[in-house]
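# Survey of secondary and tertiary structure
Here is what each chain is made of, one letter per residue.
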Amino acid sequence: MGLSPRRVLRTALFLTSALAVLSAGLAARAADAAPAAQPAATDAPSSDIVVTLKRTTRSSVSLGAIEIQKILPGVSPLKAIQTLPGVLFETADPWGNNEQNEALFVHGFSTQQLGYTMDGVPLGDQQYGNYNGLSVSRALTSENTGRVLLSSGAGDLGVASTSNLGGAIETFSADPTHERGARIDETLGSYKTTRTFVRLDTGEFMGGNTAYVTYLHQDQKAWDFNGHQKGDQVNAKYVHDGEAGKLTVFFDYSNKVEPNEDATNFGIGTSYIPYTPYTRPFLYPDLKAGLSYLDSNGAPKAAATLYSNFSNYYSAAQREDYLGYAKYDWNLNPNVTWSNQLYYHHDEGRGLVAGPVNQAGLPTLFAVYFPGQNLVNVFGGTGYEVRETEYLIDRGGLISTMKLHYGGHDVELGGWYERVNSQTDRNWFPFAAANNDLTPYSVPKNPAFTQYESQISNNVFVFHLQDQWRIREDLLLQAGFKSSLQFARGSFPVEQLPAKALPQGEIDTREYFLPQVGAVWDATAHEQLFFNVQENMRQYITYGAGGLSPWSLATQAAFDLFKDTVHPEKSWTYEVGLRSHRALDLGPLTGYEMQASYYHVDFSNRLLNIAAYNFINPGAAILANVGSVSTDGVDIAGTLHFGQHFAFYDAVSYNRSIYDQNYISGAAGIVTKTAGKSVPDSPDWMNKFVASTNFGPFEAQISGDYVGKRYATYINDISVKSYFLLGLEASYRFNVPAGYYVKSSKVSVNVTNLTNERGISTIGSPTVSSTYSGFPIPPTQFFVSLSAQF
């Protein structure tokens, strides 16, 4: 269960040190006649940027709805938390909505090693070809977001996730208002942007009932190619709040299309790539240019100079989602509440690429299905084919939590069950010149052949028990554990020719004891000390034929060996920190709130594909545990207040995530020297700031984001230079006299990447050495938003 003697010793030493700090402080506190501090969540000065004084044993910061929309109206909640300490969010669009080139790092852990929920509903691990969830933006319209909570070290035991090795990001929707009304927002801006948001609130009706329904339409031309990223979304929420309890019902429908461009490939040494364009756009909708781009064999005419940075005709991601939940918080008595939440999610999606038939190893694949035939003719005569990866997800679950208060104890007992059925198909379609209905926005029909079809069912059971013991008014001790169990079964009704060797079968993983212990001490009326120690585990990915999934292995024997020898990734996280808030009388400086924390993480059983994955042959992976990672870091974040009109928020982060061992690559037994190397795409240093001002109806802010140097390969032989981005926001609210239909209105202006910084934002999946791929930083863009409430 992960409790080795070394681990026990480390934990004991950490707890001894933390308790020594608490004991020393208690001795000093005994002589302090100052009254005991009240719960920090109620006595903290209000701040929409960062809430530093929550009564939690973990490093926890949050972002409110006002600050989220200031960054850019409609921004993704995940992109919004880029302003929080320890967070690196990368994307090639200003909204953070494009999922193909999205990357998120928190304390050295990547996107798929974090946990995500919306109103408690699990959102899966956020990987691009998803199998167990959906993005936050597709689950909840940005304008309906109430707040986002980041637990950057370790999430709460009750967070519904099987991937939260490095923390959790919990998004919460806003409740309906108690006053009847309507709201209309319109954003216009660079690259033909239009974003329309409409919300209708019923107000309170029939004793404790409130509801709203919203509609969103967004359309923006991509800045770097001729494609429109667009979508429609509906949210509805109903709340009944009574003495017996609170009933909440939520519904989401999302349908969006995101044309994509490919990342640019770079190389050094013998892998040097001379042609490295800043952007790599596709050719659509210029069919004439697309046809002249290829030779008679279906290969780019300039292949000798383009190398791997050729252009496809188009590519896109299409996603349609239905998500809903019903939750009842039942007040059994003044000391006992029982919450039950049922949810369901259905997704139909696809990734499309219209590319040359004579690139990326395709002739080898196609020759198996069409031996001796002219591939250009087989696929319609243009030299292009359309590859479709089709996704289907049906999942539902129940989250049940009981909370009991007695004496100085708050006990929480909870369970989460989820059933996921996912299917992934790889289809190939002809592309004929007369076939004008094949576009990034259409769904192709009648494939030339299906390469494979995977079907995977997954049952997840997670239980947790936790006690918060208030030893005295100013000291809280928290301890608990969770159990995580996963039972997955996969099969391939359609297998790739000629081998038909993709694995079938079941993998069960059980971890019954993942412990947590922590404490919070109100050292003074204005300062808190906290510590937390917690073990987490990431369950295996249950995605068909790809990534780090066991069903991507080459043979049934390899699958069976994986079951017997490979272990799930685990982490031990150690945190200690200080929170403080004070009113001051130091000339212009009138107050501050801050949080500082140190963390150490032991990440073990790192899982890696030690054979280069090729989408043409999904059964080519070799998955293995390749050692551990040691992480040390410091986060310091705070807000300085200069009277009523000025504030300055700053967050400085240092993170050092280092591989502890070398590993052996592939069947050839080559040693990859990663010991002592930094984790790719995770910078050592980051700094974010927000300088804000307000004078009555006018407010403005300028934000800065510094990201330090990042390595792009496992052996650190290539790095990407640091960058610094500035953003600007200014708004004015018009107060309308009583008696008018319009209650209030607001106009705001946003400028992203104010200095037009150029560089690499998202780094593609890391390689061992010599090469990497990257997406560009979006250029300066301007937006004007109008909002009216009725």
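As the structure is a computational prediction, the values presented were derived from the model and not from experiment. (Residues numbered from 1 in each chain as written. Predicted model: local features only at pLDDT ≥ 70, side-chain atom pairs only at ≥ 80, totals over all residues. Heavy atoms only, no water.)

For the rest of this paragraph, the subject is the overall build of the protein chain. Within the protein chain, the secondary structure is distributed over ten helices and 38 strands. In terms of C-alpha radius of gyration, the protein chain reaches 27 Å, essentially the compact-globule figure of 28 Å for 790 residues. Looking at the protein chain residue by residue over its 790 residues, the buried ones come to 56%. Restricting the contact set of the protein chain to residue pairs at least 6 apart, pairs at least 24 apart contribute 69%. With the model as given, the accessible surface of the protein chain reaches about 30,500 Å², and the carbon-plus-sulfur share is 60%. (Helix = DSSP H or I, 4+ residues; strand = E, 2+ residues; numbered from the N terminus. Rg over C-alpha atoms; globule rule 2.2 N^0.38 Å. Buried < 20%, exposed > 50% of the residue type's maximum accessible area, 1.4 Å probe, protein only. Contact = heavy atoms within 4.5 Å. Areas by Shrake-Rupley, 256 points an atom, 1.4 Å probe, with all protein chains shown as cover.)

Ranked by size, the top nonpolar core spans 54 residues in total, and within it Leu84, Leu104 and Ile169 carry the most contacts. In terms of nonpolar packing, the next biggest core, distinct from the first, is built from 19 residues, Tyr543, Leu548, Trp551 and Leu607 among them. (Core = buried A, V, L, I, M, F, W, Y, C linked by side-chain atoms within 4.5 Å.)

With that settled, the discussion passes to the pattern of salt bridges. This structure, assessed with the given rule, holds 28 salt bridges. A salt bridge links Arg199 to Asp201; the nearest nitrogen and oxygen atoms lie 2.6 Å apart. Lys570 is the salt-bridge partner of Glu511, the closest N and O atoms lying 2.5 Å from each other. Of this pair, Glu511 sits in strand 20 (residues 505-522) while Lys570 sits in strand 22 (residues 569-586), and the two are 59 residues apart along the sequence. Look at Lys570 and you get buried, because its relative accessible area is 11%. Taken together, the salt bridges that share partners define one network made up of Glu99, Arg138, Lys256, Glu258, Asp321 and Asp347. (Salt bridge = Lys/Arg side-chain N within 4 Å of Asp/Glu carboxyl O.)

On to the sheet that holds strand 13 (residues 264-267). Strands sit in the order 13-37-36 across an open sheet of three strands; the sheet is antiparallel. Edge positions in the open sheet fall to strand 13 and strand 36 (760-763), since each of these has one partner strand only. Averaged over all adjacent pairs, the angle separating strand axes in this sheet is 45°, with direction ignored. When strand 36 meets strand 37 (residues 771-776), the two strands line up antiparallel, connected through two bridges. By the bridge assignment, Ile760 is partnered in strand 37 with Pro776. (Pairing = 2+ DSSP bridges. Axes fitted to C-alpha atoms, helices over the stretch in contact; angles between N-to-C directions.)

Let us look at the sheet that holds strand 4 (residues 115-118). Spatially, the five strands line up as an open sheet ordered 1-6-7-4-5, and their pairing is mixed. Of all strands in the sheet, those bounded by a partner on one side alone are strand 1 (60-64) and strand 5 (121-122). Bridge count between strand 4 and strand 5: two bridges; the pairing is antiparallel. By the bridge assignment for strand 5, Met118 is matched with Val121.

Here the focus is the environment of Leu165. You can see Leu165 is positioned in the loop between strand 6 (145-151) and strand 7 (168-173). With residues near it in sequence (within four places) discarded, Leu165 still touches Phe109, Gln113, Gly153, Asn536, Met537, Arg538, Glu569, Lys570, Ser571, Thr573 and Phe603.

Moving on: the confidence of the model for the protein chain. Confidence along the protein chain averages 89 in pLDDT terms, with 91% of residues attaining 70 or more. Taken element by element, the predicted model of the protein chain shows its lowest mean pLDDT in helix 2 (residues 40-43) (33) and its highest in strand 5 (98). Throughout residues 1-47 the model reports pLDDT below 50, and contacts reaching past four residues in sequence, or to other chains, amount to 71 contacts. (pLDDT = per-residue confidence, 0-100.)

Once that is clear, we can look at the packing of aromatic side chains. With the rule as written, the count across this model stands at 37 aromatic pairs. Between the aromatic rings of Phe225 and Phe282, the centroid separation amounts to 4.7 Å while the plane-to-plane angle is 55°, which identifies the pairing as tilted. Here Phe282 lies in the loop between strand 13 and helix 6 (287-293) and Phe225 lies in the loop between strand 10 (209-221) and strand 11 (228-241), a separation of 57 residues in the sequence. Its relative accessible area of 8% is what places Phe282 among the buried residues. Ring centres 5.2 Å apart and planes at 85° place the aromatic pair Phe366 and Trp428 in the edge-to-face group. Of the two residues, Phe366 sits in helix 8 (residues 362-369) while Trp428 sits in strand 17 (residues 409-432), which places them 62 residues apart along the sequence. Of the residues examined, Trp428 reaches a relative accessible area of 0% and is grouped as buried. Of the aromatic side chains, those joined through ring pairs into one cluster are Phe225, Phe282, Tyr284, Tyr313, Tyr314, Tyr384, Phe431 and Tyr441. The side chain of Arg147 reaches across the aromatic face of Phe172, ending 4.3 Å from its centre. (Phe/Tyr/Trp six-rings, centres within 6.5 Å; stacked < 30°, edge-to-face > 60°. Lys NZ or Arg CZ within 6 Å of the ring centre and 35° of its normal.)

Let us look at a nonpolar patch on the surface. On the surface, a cluster of nonpolar side chains totalling about 630 Å² of accessible area is made up of Val576, Tyr598, Val634, Ile636, Val652, Trp685, Tyr706 and Phe724. On the secondary structure map, Ile636 appears in strand 26 (residues 629-642). (Patch = residues over 30% accessible without salt bridge, like charges linked within 9 Å, V, L, I, M, F, W, Y side chains within 5 Å.)

In this structure, Thr439 sits in the loop between strand 17 and strand 18 (449-472). Other than its neighbours up to four places away in sequence, Thr439 contacts Tyr284, Tyr314 and Leu352.

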